[in-house]
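# Overview (structure and organization)
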Amino acid sequence: DIVVTNPKNGQSATLKAAFSYTNPPASPTLSAIYPSSGSSNGGTRVVISGSGFQYGAVVSFGGPAPLYPLNGSGTLATTMAVSYSADPQVCGSGVPLPCIIATTPPFVAGATDVWVTNMNPATGLIDAGSGSAKLTAAYTFVSAPLISVVSPSSGSVSGGSQITITGKNFQSGATVLVCKQQPTPPVCTQATVVNPISSTSITAVMPANAAGTAAVSVVNPNEVQSNTLIFTYHP
């Protein structure tokens, strides 16, 4: 029953059997995350397997979702899909169903907890009744190279321009990729790295390329890639 009572005169009215309480949905459970590591710059596609996922469930790292009404301490990933599909191309071969597909956010390097929090699909709010679940220290963010400056930022289409890439987390043996943004998918070539490489600076000689802009990035020997900065080729 729902009863409304006026505070001044005490009069009330009752609506019989107007609201039904039900048991909250089961809390999610997590079994694994694939892959279990990726760049601290974020952008890694991950698949989380488990059970009890609602459509609209959110993924966070380091703590529960920082959304009303939980106001958790975690960093939200981009949840791309919650899937119960039996198609192995959706969740990936060998991944138990159901699964959540998400993209990692930028995060500090090291092992961290992975959280899944169900959202009420009818309201778009965190479903406090269903709650959250976590995998302890299940995902490792690997220190990624980070480019802050490419100097000079332009050069001749014939190549041969020597550039200095300034940033951090560069490793010995790193390569420099130069990717034309058109056509799609981009076509990438390697610049010639001038050794030695320091952790904060790389010198490289740019390859020849067509006029226009190209994206410059650094790839460490562990295949973790940096952000990109633009180099402009001119005739």
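Structure report, in brief. Bear in mind that the values here come from a model prediction, so they are computed numbers and not experimental data.

## Regarding the overall build of the chain
Check the secondary structure of the chain and you find 1 helix and 20 strands. Here the chain holds 235 residues, and the buried ones make up 38% of them. Summed over its atoms, the accessible surface of the chain is roughly 12,200 Å², and 56% of this surface lies on carbon and sulfur atoms.

## Some remarks on the sheet that holds strand β3 (residues 29-34)
Across the sheet, 4 strands lie side by side as β3-β5-β9-β8; this open sheet has antiparallel pairing. The open sheet terminates on both sides in strands that have one partner only, identified here as β3 and β8 (78-83). Going across the sheet, the axis of each strand differs from the next one's by a mean of 25 degrees, ignoring polarity.

## Section: the pairing of strand β19 (residues 212-219)
Counting buried positions along β19 yields 6 of 8 residues, so the element is predominantly enclosed. The pairing of strand β15 (residues 175-180) with β19 spans 6 bridges and is antiparallel. Residue pairing for β19: Cys179 is matched across the bridge by Ala215. Relative to strand β20 (residues 229-234), β19 is paired through 5 bridges, and the arrangement is antiparallel. Residue Thr213 lies in a different strand from β20, and its bridge partner there is Thr232.

## Describing the pairing of strand β9 (residues 99-103)
By the criterion of burial, β9 is predominantly enclosed, with 4 of the 5 residues buried. Bridge analysis of strand β5 (residues 45-51) against β9 gives 5 bridges, and the strand direction is antiparallel. Among the inter-strand pairings, Ile48 is bridged to a residue of β9, identified as Ile100. Here 5 bridges tie β8 to β9, and the two strands are oriented antiparallel to one another. Bridging across to β9, Thr78 finds its partner in Thr103.

Calculation notes
- Residues numbered from 1 in each chain as written.
- Predicted model: local features only at pLDDT ≥ 70, side-chain atom pairs only at ≥ 80, totals over all residues.
- Heavy atoms only, no water.
- Helix = DSSP H or I, 4+ residues; strand = E, 2+ residues; numbered from the N terminus.
- Buried < 20%, exposed > 50% of the residue type's maximum accessible area, 1.4 Å probe, protein only.
- Areas by Shrake-Rupley, 256 points an atom, 1.4 Å probe, with all protein chains shown as cover.
- Pairing = 2+ DSSP bridges.
- Axes fitted to C-alpha atoms, helices over the stretch in contact; angles between N-to-C directions.

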